[in-house]
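The primary structure of each chain is shown beneath.
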Amino acid sequence: MKKSALQKARAAYQPKLPIALKGAVKAVTGKPTQSVADQEEIKKLFPTTYGLPELQFENVPGTLRGKPLNVGVILSGGQAPGGHNVISGIFDGIKKINRDSRLFGFIMGPGGLVEHRYIELTASIIDEYRNTGGFDIIGSGRTKLETKEQFDAGLEILKELGITALVIIGGDDSNTNAAVLAEYYNGIGAGVQVIGCPKTIDGDLKNEMIETSFGFDTATKVYSEVIGNIERDCNSAKKYWHFIKLMGRSASHIALECALQTQPNVCIISEEVEAKNMTLAQIVDDLAKTVAARAEEGNNYGIVLIPEGLIEFIPAMKALIAELNDLLAKTEGFAKMEASEQRKYILEHLSADNAAVYDSLPHGVARQLTLDRDPHGNVQVSLIETEKLLSEMVGKRLEQMRAEGKYHGKYSAQHHFFGYEGRCADPSNFDADYCYALGYNAAQLINAGVTGYMSSVRNLVKPAVQWIAGGIPITMMMNMERRNGKMKPVIQKALVDLEGAPFQKFASQRADWALNTCYVYPGPIQYFGPAEVCDQPSLTLQCEHKGK
Ligand code: FBP
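Procedures and definitions
Residues numbered from 1 in each chain as written. Predicted model: local features only at pLDDT ≥ 70, side-chain atom pairs only at ≥ 80, totals over all residues. Heavy atoms only, no water. Helix = DSSP H or I, 4+ residues; strand = E, 2+ residues; numbered from the N terminus. Expected span 1.5 Å × (residues − 1). Buried < 20%, exposed > 50% of the residue type's maximum accessible area, 1.4 Å probe, protein only. Salt bridge = Lys/Arg side-chain N within 4 Å of Asp/Glu carboxyl O. Pairing = 2+ DSSP bridges. Contact = heavy atoms within 4.5 Å. Phe/Tyr/Trp six-rings, centres within 6.5 Å; stacked < 30°, edge-to-face > 60°. Lys NZ or Arg CZ within 6 Å of the ring centre and 35° of its normal. Near = heavy atom within 4 Å. Polar contact = N/O pair within 3.5 Å; in protein donor to acceptor, adjacent residues only side chain to side chain. Areas by Shrake-Rupley, 256 points an atom, 1.4 Å probe, with all protein chains shown as cover. Nonpolar A, V, L, I, M, F, W, Y, C, P; charged D, E, K, R; others polar. Axes fitted to C-alpha atoms, helices over the stretch in contact; angles between N-to-C directions. Parallel < 35°, antiparallel > 145°, perpendicular 65-115°, else oblique. Left-handed = near helix turned anticlockwise from the far one by under 90°.

A.B. asks: Could you give an account of helix 17 (residues 386-403), with specific residues and numbers?
C.D. replies: Compared with an ideal rise of 1.5 Å per residue, which puts 18 residues at 26 Å, helix 17 spans 26 Å between its outermost C-alpha atoms and is within 8% of the ideal. What helix 17 keeps buried is the set Thr386, Glu387, Leu389, Leu390, Ser391, Met393, Val394, Gly395, Leu398 and Met401. Positive phi shows up at Gly405, right after helix 17, with a value of about 75°.

A.B. asks: Describe the pattern of salt bridges, with residues and values.
C.D. replies: Counted according to the given criterion, the structure contains 26 salt bridges. For Lys144, the salt bridge goes to Asp173, with nearest N and O atoms at 4.0 Å. Here Lys144 is found in the loop between helix 5 (123-129) and helix 6 (148-160), whereas its partner Asp173 is found in helix 7 (residues 172-187), with 29 residues between them in sequence. A residue is classified by how much of its surface remains accessible, and Lys144, at 40% relative accessible area, is partly exposed. Classification of Asp173 as partly exposed rests on a relative accessible area of 29%. Here Glu272 and Lys276 are joined by a salt bridge, their closest N and O atoms 2.9 Å apart. Among the charged side chains, a salt-bridge network with shared partners connects Lys16, Asp433 and Asp535.

A.B. asks: Talk me through the sheet that holds strand 8 (residues 241-246); I want residue IDs and the actual numbers.
C.D. replies: Sheet architecture is open: 4 strands sit in the order 9-10-8-11, paired in parallel fashion. Single-partner strands in this sheet number two, and they are strand 9 (266-267) and strand 11 (413-418). Taken together, the 2 bridges between strand 9 and strand 10 (residues 302-307) define a ladder with parallel strand orientation. By the bridge assignment for strand 10, Cys267 is matched with Leu305.

A.B. asks: Go over the pairing of strand 13 (residues 468-473), please, and point to the residues and values.
C.D. replies: Of all 6 residues making up strand 13, 5 are buried, and the element is well covered by its neighbours. The pairing of strand 2 (residues 53-60) with strand 13 spans 2 bridges and is antiparallel. Looking across to strand 13, one finds that Gln56 is bridged to Gly470. Two elements, strand 12 (residues 453-458) and strand 13, share 6 bridges in a ladder whose sense is antiparallel. Bridge pairing in strand 13 links Ser456 to Gly470.

A.B. asks: So, the environment of Thr451: which residues are in play, and what are the values?
C.D. replies: Position of Thr451 relative to the elements: it lies in the loop between helix 19 (429-447) and strand 12. Here Thr451 falls in the buried class, since its relative accessible area comes to 11%. On a C-alpha basis, the gap between Thr451 and Ile195 in space is 6.1 Å, while along the polypeptide they are 256 residues apart. Look past the residues within four positions of Thr451 in its chain and what remains in contact with it is Thr49, Leu52, Ala182, Asn186, Val192, Gln193 and Val194.

A.B. asks: How would you explain the packing of aromatic side chains if you had to name every residue and give the values?
C.D. replies: Two aromatic rings, taken as a pair, are described by how far apart their centres are and by the angle between their planes. On inspection of all chains with the given rule, the structure shows 11 aromatic pairs. Consider the rings of Tyr184 and Tyr185, whose centres lie 6.0 Å apart with planes at 50°: the pair is tilted. One exposure class covers both Tyr184 and Tyr185, and it is buried. Among the aromatic residues, those joined into a ring-pair cluster are Phe104, Phe106 and Tyr118. The positively charged end of Arg10 is found above the aromatic ring belonging to Tyr13, 4.4 Å away from the centroid.

A.B. asks: Give a description of the site of the ligand that names residues and reports values.
C.D. replies: Not every one of the 13 residues close to the ligand is listed here, only the nearest: Gly78, Asp202, Glu308, Tyr420 and Arg423. The backbone of Gly78 places a nitrogen or oxygen atom 2.8 Å from an oxygen atom of the ligand. Within the contact set of the ligand, an oxygen atom lies 2.9 Å away from a side-chain nitrogen or oxygen of Arg142. When the ligand sits alone it has 480 Å² of accessible area, and the protein chains cover 79% of it. In the shell around the ligand, the residues fall into 3 nonpolar, 4 polar and 6 charged.

A.B. asks: Help me get a handle on the packing of helix 9 (residues 253-262) against helix 20 (residues 501-515), residues and values and all.
C.D. replies: Remark: helix 9 packs on helix 20, axes separated minimally by 10 Å, with the N-to-C direction vectors making an angle of 55°. Here helix 9 lies oblique to helix 20, going by the angle between them. Our pair here, helix 9 against helix 20, has a crossing hand that is left-handed. Only Pro502, Phe503, Lys505, Phe506 and Trp513 of helix 20 make contact with helix 9, whose side of the interface consists of Leu256, Ala259 and Leu260. For the contact of helix 9 with helix 20, the class distribution of residues is 7 nonpolar, no polar and 1 charged.

Set out below in structure tokens:
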């Protein structure tokens with residue numbers, strides 16, 4: 001396969017490992033743990049894996065040795081830069097323990113385990129993928145591992161291949177499933193350990209022990225580069241307002257990080273919208289006021305960042321979507337009605353408040369709310385073009401303000417949605433090192449004989465050699481939440497903390513960014529060069545751990 005010059009140079013990069021993982025390691029056992037909430041229920045659901053102690057690895061004199069390990073690996077969910085390095089870290093880790101160890105990759109996500117699709121990952125395959133972006137080494141998928149039938153089907157192939165440990169690389173849901181699988185295999189004495197690794201560009205799988213999920217660093221750097229480029233274009237042409245939607249599912253971590261890096265005129269944070277109980281009209285009004293204030297200074301241009309999940313956080317929209325879900329689920333033949341008939345039907349059947357909200361939306365968006373349902377019957381909010389919805393509504397509001405003599409500018413909008421552009425980028429040095437360490441560390445957890453743990457590498461704002469490596473029982477991160485109408489044990493999702501340092505930093509500066517043009521142009525990720533250019537972790541991580 002033809003390779004670019006950067007690909008060739010990057011293949012030779014040797015990710016840095018924490019000192020703790022170099023050479024022989026000893027597992028130091030900490031105190032027993034508890035789940036973050038609902039301890040009694042979670043203890044009952046995880047009788048053999050609840051309350052396990054934290055583990056930390058320490059470097060000891062001698063050579064790393066162990067019996068040969070046959071390990072399986074699965075990539076689960078959306079792509080995130082660095083997945084290939086987790087796999088190469090596992091490979092190098094188990095080979096270092098014993099060179100007869102073998103690694104098997106299940107194809108296209110958890111479905112590969114259930115359907116017995118796999119390949120053996122040999123040294124030559126691994127070498128092709130070191131330090132590259134993407135999940136294409138074995139592919140990824142969103143099959144949920146949750147039923148006994150799936151677990152038993154998986155066990156058949158694990159037994160056949162002599163696999164005694166499985167590493168699941170995924171987000172909060174996939175790691176929740178990893179914990180359930182670990183408990184099941186442990187409970188029946190299957191002899192298979194299950195270890196999780198924290199992946200997701202969304203940045204919402206984090207807590208005291210998991211400082212960040214991998215991929216967030218690279219993806220936000222890629223989006224920030226492009227936002228910076230748009231800012232420069234915007235500041236050169238001075239004629240457009242750019243509305244930029246950013247991936248990230250429910251949480252606004254990606255938008256916040258990109259805002260800290262690029263200092264746009266506006267960045268909406270969904271968690272704040274919800275906390276302040278804001279309406280769509282208020283969001284639009286605030287935006288229109290900023291556009292008008294900048295126009296007064298002769299600046300008919302600007303940048304607005306919008307998190308992907310915004311719609312769900314506007315309380316009135318949330319209520320509307322919930323009522324629409326119920327209404328459409330019980331309305332037979334809705335899909336066959338004419339568009340105008342559908343609109344009339346909805347307006348007649350919704351409660352008065354929700355009908356008013358529905359009626360206030362641009363027709364295209366209102367229609368999107370009634371069309372795209374996922375397999376559970378819910379609106380697929382990520383498909384709603386929030387960037388267009390907001391810019392259109394701001395345009396209308398500005399015309400009203402013009403009529404009232406409160407706006408005298410020109411308004412022209414451009415729209416962008418960044419998500420897939422960053423999910424498979426070559427991992428930054430941070431993600432390349434972090435992922436390799438997560439994988440290598442997972443191999444040590446396997447060698448230590450534990451199950452139901454997540455690979456944890458901490459102290460991430462320090463140089464990689466000083467990182468702390470160990471394992472955290474997954475049950476420690478869990479609480480009970482309602483899913484599909486039933487209470488389930490799940491890893492608590494981390495949304496943006498409005499009291500946290502990253503948001504507070506943003507909030508203290510945004511008024512200045514709104515009126516004045518304070519753009520910062522981060523430029524492309526650099527892989528070679530001085531540490532201050534190449535090795536800096538995300539600003540979110542830096543703010544969160546300042547002074548620690
Ligand atoms: P994960 O939670 O699986 O890591 O998903 C990340 C993500 O990129 C979200 O930001 C986005 O909403 C979603 O995947 C898109 O899903 P798909 O890849 O199926 O289009």
